[in-house]
Amino acid sequence: MRMLLVGAGAVGESILRILETRDPKRNWLEHVVISDYNLERAKEVCRHLNHSDRYIPEFVDAHSEDDLIALIKKHKCDFVMDAAAPFVTNKIFDASFRAGAKYANMGTWSVPFDPPQYGIGLENCYKEPMTKYNFDRHEAWAERGNMAVICLGIDPGVVNVFAKFAAEYLFDELYEVHVKDGGNLTIPGASEDTVSFGFNVWTVLDECINPNVEWNKDYGFIVDRPFAGEEEFEMPAGVGLNTLVKIEHEETVTIPRYLQKYGLRRCTFKIALDDNLVKALKVINALGLRSLQAVDVDGVKVVPRDVVAACAPQPIDLGDEMIGKMCVGIHCKGLKDGKSRQVFMYQPFDNQIAMKNWEMQVVVAQTGFGAAVAIELIGREIWKDAGVFSPEYFDPIPYLQIMDEAGFEYGIVEMDSEYKTVNDKKIMAQIYKEAAKAQKETKNALKNGRTARI
């Protein structure tokens, strides 16, 4: 596979670092073009990868489909990984289609009305709902015999695979999937006013301030105000209690698309956000600084959001100073063996391990890992079909197997339920049975020993 990486940011670099360890002999990943609007950044990533001839830096303006197509053809790339800012993702998607290259991204572009109308139905709130642009073109990609896979990362991405696994193997009927993104990351010594963006600033501004979406089988999509639906949830792996709120995220669209046939009735997404970040986002929104409409400042046209994105603390600059873990997973509810069951399947990642092993802060490394596993499956033609898909479409087992091989750990917590109560009793009954057997064998041994001495 010859890959064009569009976007040489922190996540793009983390993807390449992980792929390098997965395929050091170029068995399936032959060549990578690292492209970015900032050519110096693309060159820097090549230096970080030891200037291997496997990697070539290139300038690209991802606003231009023609430039993207020319770059794909120049290097004979058959796969495009979109790690660029969300506002150019549709351009990269279309350029890949026109050039005949497979395509993948980590998230999609959405455009809400201004002002949005909250309530039932995406059509009243969004000019362009998340994933619609891509899925609307499924038939065109299928007719070409080409494949696009959207929403690869940790969430969306890994959690979508978890949801498919739960539907196939953990439940007879899967009623609810609630994606939960939390952690206990802190920056020792940070002031009480510190604002940290753990991910791409553009992405944070969009998904946190856009109207959030949940899905309900009876009502369809329900759109709510930013940061609604606050709840507390105990995260495993030593992370602890998190306060979560709803934000816009693709899982609430993709999971119902593929898992309704398993009995799905409800899907939500919630995340833990730092109080200072929430306050900052609300102020940015209230002042109109999230706008994409250029304003005149002393004769100079500037886009407010570009200014915020340039001035805000960058996620690539966060690293050793952070301690703690991220924990991202799915809280599933359904039926198993005729009894109600609840599980939480999750992926934990420690920041110190991320920095030691990958030289990347944990949010970046976790996202890069999720994408890298999927890229490997595409490159090895394990994930193979024609059309536009998200991870729930595919067999989850190969993905989980690579996670195991790569040390990208995950876990399953069996939560209190009828199923757990019955299973616990079965386990205890087996323990009692084995204990009684052992006691009987001990008594017989003692008896036989006394008989032998007589």
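Residues numbered from 1 in each chain as written. Predicted model: local features only at pLDDT ≥ 70, side-chain atom pairs only at ≥ 80, totals over all residues. Heavy atoms only, no water.

Overview of the sheet that holds strand β5 (residues 102-105)
- Ordered by their spatial adjacency, seven strands build an open sheet running β3-β2-β1-β4-β5-β9-β20, and the pairing between neighbours is parallel. A single partner strand is all that each edge strand has here, and the edge strands are β3 (55-59) and β20 (387-389). The sheet shows a mean angle of 15° between the axes of neighbouring strands, direction not considered.
- Pairing geometry for strand β9 (residues 147-149) and β20, over three bridges, is parallel. Bridged to Val149 within β20 is Phe389.
- Against the sheet, helix α13 (residues 362-379) touches β1 (2-6), β4 (79-82), β5 and β9, its axis set at about 170° to β4. (Pairing = 2+ DSSP bridges. Helix = DSSP H or I, 4+ residues; strand = E, 2+ residues; numbered from the N terminus. Axes fitted to C-alpha atoms, helices over the stretch in contact; angles between N-to-C directions. Contact = heavy atoms within 4.5 Å.)

Structural notes on helix α4 (residues 89-99)
- In terms of burial, α4 is a largely internal element, eight of the 11 residues being buried.
- Along α4, the residues that are buried comprise Thr89, Asn90, Ile92, Phe93, Asp94, Ala95, Ser96 and Phe97.
- Looking one or two places after α4, you find Gly100, whose phi comes out positive at around 80°. (Buried < 20%, exposed > 50% of the residue type's maximum accessible area, 1.4 Å probe, protein only.)

Observations regarding the pairing of strand β13 (residues 231-235)
- Sheet topology places β13 next to strand β14 (residues 240-246); five bridges connect them, and they run antiparallel. Note on β14: the bridge partner recorded for Glu234 is Leu241.
- Here β13 hands over to β14 after four residues, with Ala237 in that stretch at a positive phi of 65°.

Overview of the nonpolar core
- Met3, Ile34 and Met81 are the most contacted members of the largest nonpolar core, which totals 125 residues.
- Ranked by residue count, the leading element in this core is α13, at 12 residues.
- Those residues in contact with Met81, other than ones at most four positions away along the chain, are Met3, Leu4, Leu5, Val6, Ile15, Ala104, Asn105, Met106, Ala371 and Ile375.
- Listed in part, the eight residues of the second largest apolar core include Phe233, Val239, Cys327 and Phe344. (Core = buried A, V, L, I, M, F, W, Y, C linked by side-chain atoms within 4.5 Å.)

Some points on the packing of aromatic side chains
- On inspection of all chains with the given rule, the structure shows 20 aromatic pairs.
- For the ring pair Phe349 and Phe408, a centre distance of 6.0 Å and an interplane angle of 55° mean the geometry is tilted. Taken as a pair, Phe349 in strand β19 (residues 339-350) and Phe408 in the loop between α14 (396-406) and β21 (411-414) lie far apart in primary sequence, 59 residues in all. Both residues of the pair, Phe349 and Phe408, belong to the buried class.
- Between Tyr393 and Phe394 the ring centres are 5.1 Å apart and the planes differ by 90°, which places this aromatic pair in the edge-to-face class.
- Since its relative accessible area comes to 6%, Phe394 is described here as buried.
- The rings of Phe135, Tyr258, Trp383, Phe389, Tyr393, Phe394 and Tyr399 are connected pair by pair, giving a single aromatic cluster.
- One residue, Arg257, lies across the ring of Phe135, its end atom 3.7 Å from the ring centre. (Phe/Tyr/Trp six-rings, centres within 6.5 Å; stacked < 30°, edge-to-face > 60°. Lys NZ or Arg CZ within 6 Å of the ring centre and 35° of its normal.)

Concerning the packing of helix α7 (residues 154-170) against α14
- Two elements in contact, α7 and α14, have axes separated by 9 Å at closest approach and are oriented at 125°. Classified by the interaxial angle, the pair formed by α7 and α14 is oblique. In terms of crossing hand, the pair formed by α7 and α14 is left-handed. Here Val158, Val161, Phe162, Lys164, Phe165 and Tyr169 of α7 come into contact with α14, specifically with Pro396, Ile397, Tyr399, Leu400 and Met403.
- Here the residues of the contact of α7 with α14 are counted per class, giving 10 nonpolar, no polar and one charged. (Parallel < 35°, antiparallel > 145°, perpendicular 65-115°, else oblique. Left-handed = near helix turned anticlockwise from the far one by under 90°. Nonpolar A, V, L, I, M, F, W, Y, C, P; charged D, E, K, R; others polar.)

Quick look at a negative patch on the surface
- Taken together, Glu230, Glu232, Asp274 and Asp275 make up a surface patch of like negative charges.
- You can see Asp274 is positioned in the loop between β15 (266-271) and α10 (275-286). (Patch = residues over 30% accessible without salt bridge, like charges linked within 9 Å, V, L, I, M, F, W, Y side chains within 5 Å. Areas by Shrake-Rupley, 256 points an atom, 1.4 Å probe, with all protein chains shown as cover. Salt bridge = Lys/Arg side-chain N within 4 Å of Asp/Glu carboxyl O. Lys, Arg positive; Asp, Glu negative; His and termini not counted. Charge placed at Lys NZ, Arg CZ, Asp CG, Glu CD.)

Digging into unusual backbone geometry
- Cis peptide bonds are those with omega within 30 degrees of zero, and the linkage from Asp114 to Pro115 qualifies with 0°.
- Tracing the backbone shows Pro115 in the loop between β6 (111-112) and β7 (119-120).
- Going from Asp155 to Pro156, the amide bond is cis rather than trans, its omega being 0°.
- Mapped onto the elements of the fold, Pro156 is located in helix α7.
- The phi dihedral of Lys76 falls on the positive side, at around 55°, and the residue is not glycine.
- You can see Lys76 is positioned in the loop between α3 (65-74) and β4.
- Look at Lys76 and you get exposed, because its relative accessible area is 66%.
- Its identity is not glycine, yet Asp337 carries a phi of approximately 55°, on the positive side.
- With a relative accessible area of 48%, Asp337 lands in the partly exposed category.

Notes on the packing of α3 against α4
- Where α3 meets α4, the closest approach of the two axes is 9 Å, and the angle between their N-to-C directions is 50°. For the element pair α3 / α4, the angle class is oblique. Where α3 crosses over α4, the handedness of that crossing is right-handed. Here α3 contributes Glu65, Asp66, Leu68, Ile69 and Ile72 to the contact with α4, which in turn contributes Lys91, Ile92, Asp94, Ala95, Ser96, Arg98 and Ala99.
- Residues that form the contact of α3 with α4 fall into these classes: six nonpolar, one polar and five charged.

Structural notes on the pattern of salt bridges
- As enumerated under the stated definition, the model contains 26 salt bridges in all.
- A salt bridge links Glu30 to Arg2, with the nearest nitrogen and oxygen atoms 3.3 Å apart. Taken together, the residues span a long stretch of sequence, with Glu30 in the loop between α1 (10-22) and β2 (31-36) and Arg2 in strand β1 at a distance of 28 residues.
- A relative accessible area of 22% places Arg2 in the partly exposed class.
- One salt bridge connects Arg26 with Asp53, and the closest N-O pair in it is separated by 2.3 Å. Note that Arg26 is positioned in the loop between α1 and β2 and Asp53 in the loop between α2 (39-48) and β3, a separation of 27 residues in sequence.
- Overall, Asp53 belongs to the exposed group, its relative accessible area being 59%.
- Beyond isolated ion pairs, a larger network of salt bridges with shared partners links Glu13, Arg17, Arg41, Glu44 and Glu359.

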